[in-house]
Each structure stands twice: as C-alpha cells, then as structure tokens.
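One letter stands for each residue in the lines below.
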Amino acid sequence: MRSRMMAVVRRGLTAAITGWCVVAPSARGQAVPSGPQGRVAGRITDKGTGRPLVSVRVRLVGRVGVVETDLDGRFRTPLVPVGKYNVAAALIGYRPAQLDSVAVKDGQTAVVSMALESSPVQLEELTVASDKPTRVSSAAGLLSAQQNAMAVVDGVSAEAIAKTPDSDAGQAVARVTGLAVVQNKVVVRGLAERYSTSLLNGVEIASPEPDRKFVPLDVFASGLLESIVAAKTATPDRPGDFAGGIVDVQTKEFPENFILSFGVSQGYNDRSTFRRFARGPRSGSDLFGFDGIGRGFSGAVAGQERFAESLRNVWTPGSAVARPNLGLNAAVGGRKDLGNDAFGYVLSVDYGNGRDYNPDRYDAEGNSPILFNESRERVELSGLMNLAYRSGAGHKFGFKNFYSRSSTEVFRSGIGGDTGEGPSLNYQGQFIAQYIQQSQVTGDHYLGNFLKSRLEWKGSFGQAGRDDLDNRQLRYVDKGSGYLINNSIPSYRYNTTLLDKSYTGQADWSIPFSLRGPQDGLFKVGASYRRKDREFGAAGYEMHVGTAISQDILSLGPEQLLAPENVGPGMITYQPASILVPYDAREEVKAGYLMSDFEILPSVRIVAGARMEQWTANLTEAKDTAGVITRDNRDILWSANLTYAMTSKINFRLAGYKTVARPDLRELSSGGYTSVVGGTVNIGNPDLRRSSILNADARFEVYPGADELLAVSLFYKRFTDPIITTYRYAGGIVILPDNGKVARSYGAEFEVRKNLGFLASGLSNVLANANLTLLSSEVQFRDVLGAGNVRPQFQGQSPYLVNTGLTYSGKLLSVSALFNRFGDRVERYPGIGSGSNSSNANVIEKARSTLDGKVKLAVRGGWSLSLTGKNLLNTRSEISYDKDVPGAVARPILGRTLDGVSVSMGISYAR
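Residues numbered from 1 in each chain as written. Predicted model: local features only at pLDDT ≥ 70, side-chain atom pairs only at ≥ 80, totals over all residues. Heavy atoms only, no water.

**What to know about the overall build of the chain**
Looking only at helices and strands, the chain has eight helices and 51 strands in total. Considering the chain as a whole, with its 911 residues, one finds that 54% of them fall into the buried category. Surface summary for the chain: the accessible area is close to 37,200 Å², and the carbon and sulfur share equals 57%. (Helix = DSSP H or I, 4+ residues; strand = E, 2+ residues; numbered from the N terminus. Buried < 20%, exposed > 50% of the residue type's maximum accessible area, 1.4 Å probe, protein only. Areas by Shrake-Rupley, 256 points an atom, 1.4 Å probe, with all protein chains shown as cover.)

**Description of unusual backbone geometry**
In this structure, Ser101 takes a positive phi of about 60 degrees despite not being glycine. With respect to the secondary-structure elements, Ser101 resides in strand E8 (residues 97-104). The phi dihedral of Asn201 falls on the positive side, at around 55 degrees, and the residue is not glycine. Mapped onto the elements of the fold, Asn201 is located in the loop between strand E14 (196-200) and strand E15 (203-204).

**Re the packing of aromatic side chains**
In this description, an aromatic ring pair is defined by two values, namely the gap between the centres and the angle between the planes. Counted under the stated rule, the structure contains 17 aromatic pairs. Judged by centre distance (5.2 Å) and plane angle (70 degrees), the ring pair of Tyr195 and Phe719 falls under edge-to-face. With a gap of 524 residues between them, Tyr195 in the loop between strand E13 (185-188) and E14 and Phe719 in strand E38 (residues 709-720) connect regions that are remote in the sequence. A residue is classified by how much of its surface remains accessible, and Phe719, at 0% relative accessible area, is buried. Through a chain of ring-to-ring contacts, the aromatic side chains of Tyr195, Phe719 and Phe794 assemble into a single cluster. (Phe/Tyr/Trp six-rings, centres within 6.5 Å; stacked < 30°, edge-to-face > 60°.)

**Focus: the pattern of salt bridges**
Where charged atoms from two side chains of opposite charge approach closely, those side chains can pair. Considering all chains together, one arrives at 49 salt bridges under this definition. Of the charged contacts, one joins Arg295 and Glu409 as a salt bridge, the two residues approaching to 3.2 Å between their closest N and O atoms. Here Glu409 lies in strand E24 (residues 395-418) and Arg295 lies in the loop between strand E19 (276-278) and helix H5 (304-310), a separation of 114 residues in the sequence. Taking the relative accessible area as the measure of exposure, Arg295 reaches 1% and is therefore buried. The exposure class assigned to Glu409 is buried, which follows from its relative accessible area of 4%. Put simply, Arg531 and Asp533 hold a salt bridge, and the shortest N to O gap is 2.9 Å. Each of the salt bridges in this network shares a partner with another, and the network as a whole consists of Arg279, Arg282, Asp286, Asp291, Arg295, Arg355, Glu377 and Glu409. (Salt bridge = Lys/Arg side-chain N within 4 Å of Asp/Glu carboxyl O.)

**Digging into the environment of Pro490**
Topologically, Pro490 is positioned in the loop between strand E27 (483-484) and strand E28 (492-513). For the pair Pro490 and Tyr541, spaced 51 residues apart in the sequence, the C-alpha separation amounts to 10.0 Å.

**Description of the side chain of Arg355**
If you trace the backbone, Arg355 turns up in strand E22 (residues 341-363). Classification of Arg355 by relative accessible area gives buried; the value is 4%. Looking at Arg355, its side chain comes within polar contact range of the side chain of Asn353, at 3.2 Å. (Polar contact = N/O pair within 3.5 Å; in protein donor to acceptor, adjacent residues only side chain to side chain.)

**With respect to the environment of Phe781**
With respect to the helices and strands, the residue Phe781 is situated in the loop between strand E42 (766-780) and strand E43 (800-809). A C-alpha to C-alpha distance of 5.1 Å links Phe781 and Lys741, two positions 40 residues apart in sequence.

**Brief notes about the nonpolar core**
Within the largest apolar cluster, 27 residues are counted, with the highest numbers of intra-cluster contacts made by Tyr195, Leu619, Phe719, Phe794 and Tyr829. Every residue in contact with Tyr829, bar those within four places of it in the chain, is listed here: Ile724, Thr725, Thr726, Tyr727, Val779, Phe781, Gln793, Phe794, Gln795 and Asn842. By size, the runner-up hydrophobic cluster in this structure holds 23 residues, among which are Phe297, Val545, Ile549 and Tyr574. (Core = buried A, V, L, I, M, F, W, Y, C linked by side-chain atoms within 4.5 Å. Contact = heavy atoms within 4.5 Å.)

**A closer look at the environment of Leu851**
Inspection of the secondary structure assignment puts Leu851 in strand E47 (residues 848-858). Between the C-alpha atom of Leu851 and that of Asn874, which follows or precedes it by 23 residues, the distance is 8.6 Å. With sequence-adjacent residues up to four places away left out, Leu851 is seen in contact with Leu818, Phe819, Lys870, Asn871, Leu872 and Leu873.

**Focus: the pairing of E47**
Two strands pair when backbone bridges link them, and strand E44 (residues 813-822) and E47 are joined in this way by ten bridges, in the antiparallel orientation. Note that in E47 the partner of Arg821 across the bridge is Ser849. Pairing geometry for E47 and strand E48 (residues 863-870), over six bridges, is antiparallel. Residue pairing across strands places Leu857 opposite Leu865, the latter belonging to E48. Joining the antiparallel neighbours E47 and E48 is a turn of four residues, in which Gly861 adopts a positive phi near 60 degrees. (Pairing = 2+ DSSP bridges.)

**A look at the confidence of the model for the chain**
Per-residue confidence for the chain gives a mean pLDDT of 82, with 81% of residues at or over 70. Segment residues 1-30: pLDDT under 50, and 43 contacts once partners within four positions in sequence are set aside and those in other chains are kept. (pLDDT = per-residue confidence, 0-100.)

Given below as structure tokens:
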C-alpha cells in the first residue's frame, strides 16, 4: 500500500515538473538559429509577496531547452527565430503559469513579467495531479511591484517619465501621488522637505545644499532613471529619519536590450530668449560649470587695502542677447552573456545651459522690499557609469558611479523700499557652483546551500560641494539729493565653501521560512553605518566708509566707487564681518534592525520589526569662543505593516510606525547668511533638537488592469519637538530654526489611473491619471504667538495637492498633458516672544497651478521629434502674509517671480 502511494506521488510530481521542462540539460545546448532572431527575457515574482523567485524553470512552448531565473528572479533565453511564443514557467510549490503571444522581433529582447501563485502539494487523498497552467498577462512592472510591496509606496517608471515633459527627477517626482516640488524642494504629503529623505540606488547621498538635507533632484537627468519610488510608510530595513516619505531614485543597471541614444534640444522662453540680459565675463571651464576666471577670494588678508583692490569690481556688466537654451544627451548600454555569467553596463552624459531674465522680480523678504532686474546664466552637467557582473544564477556585483555639476551666475539690481534711512538702490553679483559625486560597490548573493538565504551588501563614498564665490552685495541710500553709500546700511562680500564627504556601509541578510506555504515567510536582519564629514569655510567682509571720502565719490556708480583710488585707509575699506562662522562637523548614524515578513492568515501579510538608530553630531566653530556643539540620540524605531489581499486585485493596508527628523548641521551653527541683497539674515540655532514622529496609515487599493490603479489612503502624524522656521529679533529681524512643542498632520489621498478604452474603442491608447491629497494640520508653540496668529497651520503643509494628466501612446505619436496645483502653505511663522515681527502674521507661499505638455513623433529608423511646453498657464510664484496686516490696504506681497512660458524642440535617436 505504501509503495503504491509513493508511486502515485512520484508520478504526480513528474507530471507537475518535468511535464513543463524538457529533458535537454540547458538552453545552451541547442543550435543557434539562422535568419532574423531575438530573445525573451523578464522577471518572475511570488504573486503573494512580490519577492523574486529563484530557480524557476522557464521555456518557450514548442522550443527545446529551459532556462532558470537568477537571484533577482530574472531570466533570459538564447536566440530564437522571430515570431510569437508562449512562455511557460514552473517551480515546485507554485501553480505553473503561461504567458501567450509574446512577440520576438529581430535584434530585440522581448521583456515580460510574470507572477506565480503558491500552490502547496496536497497529499490528503494520496494523489497528486498536474496543475493546469494559469494564463497571465504581462503586468506593468512598477504597478505590480507597488501592489506587492511590503509597505505603502507610489512611484513613476522610466517608461512613464519618457512620456512626460520632464527633463529631470525633480520634475518627474511631482507626478507621484502626494508629492510636489516647490522652489526645487520636494514636499511629500504636504510636509516640508526636511521631513523627507532621498536615496540613490538605496543609499543616502550627501547634499550640496548648506541648509537642507534633501538633495535637489534636478541634478538627475530623466534619461538616467529606471524609476522613482516614494515609500510613505516605514519598514525596519530603511532609514528611519523621515515623516513624509523616502524617495528612492533608481538608475539603470542591467539593460536587456542594447541601448544607444542621443539627442539635442533647443528651448525658448517668452521672458528671456532673444532679450538682452546682464552677462558677466566668462571664460574656459565656465562652459562646464566650473569657475573659469577666479571669482573667489581668500579669508587670509595680508593688507586691507591690497585685499580690497584685488576684489572683482563687476556690478553692472555688459549685456548680451539670451540665446535659446541648449540640451544635449547621449547614452550607451548593453550586456554581454558569458555562458552562465553576464556583464552589463550603462554609460550616460547630459549637458544643458540656459539663461533666465526676470526684469520685475519682487523681493520683500527683509525689511526693504526691492523690485529687481535679475539675470541668470546656468550650466548643468551630469554623467552616470554603472557596471554589473552576474556570476551564475546566484551572485551579482555592481559598481555604480554618478557625477553631477551645476553653476549659476546671478546679477541683480533694483530699487528698494524705505529702510528707515530712505529708499535703497541695491546691487548683487553671485556665482554658485555645486556638485555631487558618488561611487557605490554592491554585492548580492543567493546562498542556496545555507538556508536558501540571501546576503546583500553595499559600500559607498560620496562628496558634495557648494561654492558661493564672492557673493557681493552693495547698497546705496537715497538722501534726497541722490543715492549715497553710508555705514548705516551694511554692504557685504561673502565667500563660502562647503564640502561634505560621506561614507556608508550596509549589509542585509534575508532568511526565508515556510509557514503556510513554501518559503512564504522571511526573516531579515541587517546593519548600516553612515558618516558625514563637513568642512564649511567662510570669509565675510563688511564695507566701511571712512571720513576722508567726499560725498561726490559716495554717489558714484559701483565700478567707479570701488576703483583703486577710492580704496584705502580713511576711504573705503573692508572689515571682517561676524555674520559668517566657519565650522567643521561630523555626523554619524549607526543602525541595526530585525524584521519579519509572513502571512499570519490566508491573504493577511504582516511586515513588522524594529530599528535602532544611534545619531551623533559634533560641530566645532572657528571663533574666539570656540565650543563644540554635540548631539547624541538613540532611538528605537518600531514599525508594523499589515496587508490584506481581499482579492488578487484588491489590497487593504494598515501601518503604524515611529520615525525621527534631524536638523542639518548648518542649522546647529550660530553663523548666519543672507542669500539676497536686502534680505533677512538666516542664522542657526545651537539649541535645536531632533523631532520624533508617531505615524498611522490606512490604504485601500484596486488594480483593475496592468497599468491601472484606484487607491484611497488616510494618514495621521504627531510630531514632538517639530522643527519650524520663525522670525526672531536678535539685534534686528532674523530667520531662525526652532522647535515647536507639538504638531499634528492628517489627511487623505485619492489616486486613479485608468485606460479610457472602456468609453470608446478609439480611446484604448489613452491613459488618464489623477491624484488628490487633502491635508489638515496644526502646531503648538513653546512660546505664545501674538493674537493675530489665527491659523497655526503646520509649516510646509498645503491644504491640498492635485496632479492630473492625459497620455496618448500610439505607434508613431505620443501626446501628454499634465496639470499640477498646490494650496497656500506656510513658509515661516511670525516672531515668537518679545521683539518679534510686528505684522504678527504667517508668511505663506500662495497657491499655484502649472500646466505642461509634450508631443513626440517617431519618424523612422529610431529617430523622433519632440515638442515640449512648460508653465503653459504662465503662473507666477508669490510669497505674502496670510492675512491683512494692520495699517496696510491689503496683505502685502513679500515676493514675486514669473518664470514665463517655455517651449523646446528636440530631435533624438534611440535603439
């Protein structure tokens, strides 16, 4: 009896496995076909968990030979004749699946995605029957990953980015539900950029910005991107210093097809192009974002007169006609199969330059509202080199490199309001160069003989620099008979250099276990270390007018006023300014975590665990009373995510977790700076503390089709010691970061992506998407604000965010239109306590709408033409008070810029 039972079992297993897998030992053994040929490649995942499946046996029905998936669940067939094939996949413990009518084209690799459903062997009746293969469709990769993710995530894929007008990650990320980009700052769920974290290929990178931790995403050209994914709930294996979300920028690594692309574009702006703008002397390496003419100066001054005479004396440069903006890009990539091994590479470079002219920029950030004539010239250069090597099916190594450099030269001149001395005449010249460089080494190993576990490790080194070279600000005061320089209104010259060096190491070990089905659970443990060393060098000088200089000289234009004959003792000199404080700092984050991922009940998945993060910061300022500013916090950050798969296309999610938000090193320094002539001084706060946040999320999501989604989310956040920005009085009005007492934020997100083919067959190529985020928030301060503060909205929170779009994708023509709007958001609060801002009103950025569009036409042989339009509504950006200020006719405008309508045409080639 027992032998008969075993025979039945053996026959059943043979039918279930070898019935799908031919007797040929490997696909390498078959003859290479002649004539037109291509391949099939793809990725196979577990339908319930989304994890990649290793050693799945894949074959093309009707062809001899099988291939197996590697540690990433990826497979790649040998060359086969062109035509349509049915792709079959089988693995013990899973229901076999088949994808029909996959078209293989000459010289191309058809890329597909499949998900296998767990189907344990049942011996209850002592018989085993071969499962009938399930017919599946090739689901959209990113949405499929989103559906099976461990936590709440939203994202945008490279395919979707290519259909938009977006040229960089900063623009593309605004298409993600709950995300917006405001003044080049990423806002997640309406929270200021300090409450989000950016990763590059899963690793934190250094930031070239001195007063914010979030890396400006416009340095990542869209052609380099594989995807942008925003994780909105926490899991223990990711950094815990966020509240809004973690934005992970994934660059291309292992292309299935050979990539060769290049393109050129020319852009027109209705406010800038072909108009005359102020342009300073430029030379040599300025063309690539480097300082080509020695704009900076040193803080070591041998003699004040010699030093003053050596400074650049360019305030009112000559004018030039603004040429159309230029964009160039090129990329090459591919892979080489070496038996069971493979080598992949991606090389890419992007270059752009442009000019912006704003003849009526209005800036009232400080105590002197100014109407500026502003000219900008900018350069962007970025490059990527990713190399990957896969050894067999179980080991993969990567070497990923990214470099980005940009520069902006600005000239401003304008008449300001009354400073108490009289109206002011203001000049500013500034050159900012910044760069990011990161190299990363990665390893990924499937340890089939050791608990069938997986070991992943990463190590990286990065640098970020920002040089603000000779930021010179000159201010005259109207004395009735003309504008004169005097000592009551200071004029400054700054030279600052910031260099961040970051070192990271990370290791993750995943061990699968079986609970309700084969390897349906996962235990994961890991550790990481990140260190950032910062050097901030600053030299600052304040102009001083001596008694020996005549009134006639003080009324001269900038270049004549600062001529060598007017510089020296008793005349015009530069005295060291105390506003800038150089410092050295080190920040370290040591972390370790434990987590588990399993189905506690059928279709109920739990991902839970805890992460310990030890944050230390030490900052030493270079001044007479030098002291060390220190921080040392240890946080246990717990998280739990529950997913209930109501059906194969419907999920319900719940999440609770604790996170933190830490100040930037610059915010701990007592030094200050002004970014705009006449603007308010920004200073740091050595007493600033990190915030802790309790979070709760609920989400209902439906995936009707391969590229379709309907989702509704609710979230709540409670901040202890929230970091906010306020006005303070410290010998004058300053902008100061501070800690509030408590803040709360709660809201809802709605998203829909739907193919319009259900309305009419002619609309089957049209995809509509829309997402809406509604928010409410409040903040409690440690000190009492004045009675005029009637809306304590949490800083950075808009009451709503809207993204909508229509995309038509045809064989030759693609068209997209994208609309974005966000509501009023608090920029900073009025002063707290005595001596505060007399207006007693919040400063807000007013609601704004944008409309962008793109048309792309495929010509022939891989060539295409594109027409892109941005800011088609010609919307201006405005900063104001959020209510009428006593004594004013209406709420005064504190800042206004108008970027104008931009249109660009491009021609590109891709294969």
